[in-house]
Structure formats: C-alpha cells, structure tokens
Amino acid sequence: SAKAAGKRQWCLYQPALQAGLMARHELNENLDTAIAESAFRLYYQPIVDLRTGELVAFEALVRWPHDRRGMVLPDEFIALAEESGQIVPLGAWVLERAAQEAAAWHALSTRARAAAGLPPLRVNVNVSARQFRDAGFVDVVRGALRSSGIPPESLVLELTESVLMRRDDRVHTDMGTLGELGVGIAIDDFGTGYSSLSYLREFPISVLKIDKSFIDGLGLSRQQYALVEGITRIAETLDVQVIAEGIEHPEQRDLLAAMGCPLGQGYLFAHPLTAEQAQSFITQHTTPLEPGG
Ligand code: C2E
Ligand code: MG
Ligand code: MG
Ligand code: MG
C-alpha cells in the first residue's frame, strides 16, 4: 500500500538525513575556522561587451578549498552561512578581497583602457539577503572602497529579489545611501522567483542580470526570445544595463547581440578564473599603450 511504501521510504531516507545533519554541523564548525583563517578563494568570471567582445567587468565567485571535500562550490555553503549568520563576516571578507583585486586590475589596465576610450574594469560582488540586512553592511562597503581606493563606480553589488522583496524602510534607506555613494546595484537572476519590473522604479538599479534559464531557451522558442528581447528593451528605456547570464553557445551570443543586449557572461567566453588567470586575461585583452604614449 501507499502507507507501507511511505514507511519504507522513511526508513530509507533516515540514515541519509542523519548524515546530512552531521555534515551540516561539521560544515558550520569548519566554516567558522575558514572565516577566521580567511581560507576562501575568489574566482573571477569575465563579463564582456557582446558586440565588440571587450572586457567590461569580472564577477567575483567564492570557493572554499577544503582538505577532504576538494573545492567546495558556493551552492553547498552560502545558504548554510546565511542561516547561521556566518555570511556576515564571510561576505565582508569577499567585498574587501574583491575590491583589493579590482585595484590590482586598475593598476594593470586603467591607463591603456582610458587611451582606448574604455572605463576602468568593474568588479561585481554577490550579496545575500541576510548580509544586506545586517546593520553594518553599508559601512563594510564604504570600508572596502576606502581601503582599496577604487572608484565607487567600479563596484557593482549583485542582489537577488529576496533583498528587494522586503520593502521596509531600512532597505529603501540603505539602497538610497548606496546609490548616493555611487556603487552600482544589479538585480541577479532576474526573471526567476518574484522579481518584478517595479524594482527598477523603486530602487537605484543600474544593472539587470537575466537568468541563465532564459538564455538556455533563446534559440528554442519564440516566446523565450520575445521575453528576453522585451526585458532588454525596457531596461534600455530605463537606462539600466543588461547582462545575459550563462551564455554557452555562439548562437546564443549572436541572438543576444542582434536584439541589442549589451553585455554577457558565460562559459562561451570564460569559466570563473583564479586571480592570477584573471590578470593574464586582462593583459591579453588590453591593447598595450604605444611606447612613450
Ligand atoms: P550567480 O551569482 O548567479 O553566479 C552565476 C553562477 O553561474 C556561478 O556559479 C557561475 O560559475 C555559473 N556560470 C557562469 N557561466 C555559466 C555557464 O555558461 N553555464 C553554467 N552552467 N554556469 C555558469 P557558482 O560560482 O557556483 O555560484 C553559484 C551562486 O552562489 C551564485 O550565483 C551566487 O548566487 C552565489 N555566490 C557565489 N559567490 C558568492 C559570494 O561571494 N557571496 C554570496 N552571497 N553568494 C555567492
Ligand atoms: Mg551573481
Ligand atoms: Mg545570477
Ligand atoms: Mg544564480
């Protein structure tokens, strides 16, 4: 019977559940140590101009090199760190580190880029809801700007709609303050969950990142194409930049470029790179200054 089957399932799942809880406990303790020792690594994925192929920015993506588990990806520990509050110190470390790295990119490339009419490279940093809601968040952003010396326009905070959904006064005040500071604000994974176009009106949003799930379907259905094109048109009208996420195939890039989507990111261009690889990528993608120029 169904009841018996249910019981059998329960028996089967029980050990797995226990193992899950133990792993979670262990992971939490390890996270504390890793945060204290700054044992995380940031990887950087290029964001490019779809028309010209120019490098525009990098998104910082955190990884956790773990003794036994290998390189642990954020999907395995960010949610956990959010629940426990560990995301607050971890997120502060990410912001500091990413801003420092951006300062190094600027030293490498800003003069040559300016000569080519290009602005300094930007760095996009993911911020979780819990981290954003922490009372010290705006000060962490100010601190990262101050210690790195990068211009505020070079820092873009990627927020998901879970931040914006809570329309309390604090969210509005903090968004206003960040806007005045001059940092960019992106809505990440746009189109998934409850993301709404009204956020674009309510908050100082400068970038919209269209979720990979929409890009996957681009060449497959007219509806998907129309949806992405519509979002691109609206964003353009509101002076909001669009980044298409998860571009894997040249056909996707071509469709996006043809509809006027300005920026993109995905394995087609590059996987997330180590800091060292990102610096070589910059060097390869920057036209050197004329000798003596
Ligand atoms: P996200 O911000 O939407 O980042 C994009 C994710 O898609 C990254 O996964 C990236 O490696 C992956 N990706 C990029 N291009 C492609 C592609 O062409 N195909 C496919 N299949 N995947 C692609 P990653 O690094 O595993 O990060 C997952 C999520 O973890 C991120 O999604 C973000 O929400 C979160 N995350 C990463 N780093 C941080 C961080 O420092 N702080 C916080 N709060 N969250 C972070
Ligand atoms: Mg992101
Ligand atoms: Mg995303
Ligand atoms: Mg995502």
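Residues numbered from 1 in each chain as written. Chains lettered and ligands numbered in written order. Predicted model: local features only at pLDDT ≥ 70, side-chain atom pairs only at ≥ 80, totals over all residues. Heavy atoms only, no water.

S.K.: In this structure, what is going on with the coordination of the magnesium ion (ligand 2)? I would like to understand it.
M.R.: For a metal bound by four donors in tetrahedral geometry, the ideal donor-metal-donor angle is 109.5 degrees, whereas six donors in octahedral geometry ideally sit at 90 or 180 degrees. Surrounding the magnesium ion (ligand 2) are the protein donor atoms E59 (OE), N126 (OD1), E158 (OE) and D188 (OD), at 2.0 to 2.2 Å. Of note, the magnesium ion (ligand 2) draws all its donor residues from one chain, in the sequence arrangement E-x66-N-x31-E-x29-D. (Donors = N, O, S within 2.8 Å, 3.2 Å for Na, K, Ca; no water.)

S.K.: Just to check I follow, could you spell out the packing of aromatic side chains for this structure?
M.R.: By convention here, two paired aromatic rings are described through the distance between centres and the angle between planes. Going through the model one piece at a time under the given rule, you end up with 9 aromatic pairs. Aromatic side chains F40 and W93 sit 6.3 Å apart centroid to centroid with 50° between the ring planes, which places their arrangement in the tilted category. Placement of F40 in the loop between α1 (2-36) and β1 (41-49) and of W93 in helix α3 (residues 87-115) is noted, with a sequence separation of 53 residues between them. A ring pair is formed by F132 and F137, whose centres lie 5.4 Å apart and whose planes are at 45°; its orientation type is tilted. As far as the burial class goes, F132 and F137 line up, both buried. Members of the aromatic cluster, connected to one another through ring pairs, are F40, W64, F77 and W93. (Phe/Tyr/Trp six-rings, centres within 6.5 Å; stacked < 30°, edge-to-face > 60°. Helix = DSSP H or I, 4+ residues; strand = E, 2+ residues; numbered from the N terminus. Buried < 20%, exposed > 50% of the residue type's maximum accessible area, 1.4 Å probe, protein only.)

S.K.: Explain the site of ligand 1 to me, please; I cannot follow it from the model alone.
M.R.: Taken together, the neighbourhood of ligand 1 is formed by 23 residues, with R63, S128, D188, E248 and Y267 sitting nearest. Taking R63, its side chain carries an N or O atom lying 2.8 Å from an oxygen atom of ligand 1. Here an oxygen atom of ligand 1 sits 2.8 Å away from a polar atom, N or O, in the main chain of Y267. Its free accessible area being 800 Å², ligand 1 has 83% of it covered by the protein chains. For the shell around ligand 1, the secondary-structure elements that each account for two or more residues are β2 (55-66), α3 and β6 (184-190). (Near = heavy atom within 4 Å. Polar contact = N/O pair within 3.5 Å; in protein donor to acceptor, adjacent residues only side chain to side chain. Areas by Shrake-Rupley, 256 points an atom, 1.4 Å probe, with all protein chains shown as cover.)

S.K.: Even after reading the chapter, I still don't get the packing of helix α10 (residues 222-237) against helix α11 (residues 250-259), so can you show me in this structure?
M.R.: Where α10 contacts α11, the axes come no closer than 10 Å and their chain directions differ by 45°. Classified by the angle their axes make, α10 and α11 are oblique. With respect to the hand of their crossing, α10 and α11 are arranged in right-handed fashion. Across the interface between the two elements, Y225, V228, E229, T232 and R233 from α10 touch L255, L256 and M259 from α11. Of the residues belonging to the contact of α10 with α11, the class tally is 5 nonpolar, 1 polar and 2 charged. (Axes fitted to C-alpha atoms, helices over the stretch in contact; angles between N-to-C directions. Parallel < 35°, antiparallel > 145°, perpendicular 65-115°, else oblique. Left-handed = near helix turned anticlockwise from the far one by under 90°. Contact = heavy atoms within 4.5 Å. Nonpolar A, V, L, I, M, F, W, Y, C, P; charged D, E, K, R; others polar.)

S.K.: I tried to follow the coordination of the magnesium ion (ligand 3) on my own but got confused; where do I start?
M.R.: For the magnesium ion (ligand 3), the full set of protein donor atoms is D188 (OD), D189 (OD), E245 (OE) and E245 (OE), and the range of their distances to it is 2.0 to 2.6 Å. Counting residues between consecutive donors of the magnesium ion (ligand 3) along the chain gives the motif D-D-x55-E. Separating the magnesium ion (ligand 3) and the magnesium ion (ligand 2) is a distance of 4.0 Å, and D188 donates to both of them. You can see D188 sitting in strand β6 and its partner E245 sitting in the loop between β8 (241-244) and α11, a full 57 residues away along the chain. Comparing D188 with E245 shows no difference in burial state: the two are buried.

S.K.: What should I look at first to understand the environment of Q284 in this one?
M.R.: The residue Q284 is located in helix α12 (residues 275-284) in this model. Look at Q284 and you get exposed, because its relative accessible area is 61%. Through-space distance from the C-alpha of Q284 to that of R166 is 43 Å; in sequence the pair is 118 residues apart.

S.K.: Just to check I follow, could you spell out the packing of helix α5 (residues 137-148) against helix α7 (residues 169-181) for this structure?
M.R.: Helix-helix packing: each pair is described by the crossing angle between the helix axes and the interaxial distance. For the pair α5 and α7, the least separation of the axes is 10 Å and the interaxial angle reads 15°. Taken together, α5 and α7 sit at an angle that is classed as roughly parallel. In this structure, α5 crosses over α7, and the sense of that crossing is right-handed. From α5, F137, V138, V141 and R142 reach across to α7, where they touch D174, T177, L178 and L181.

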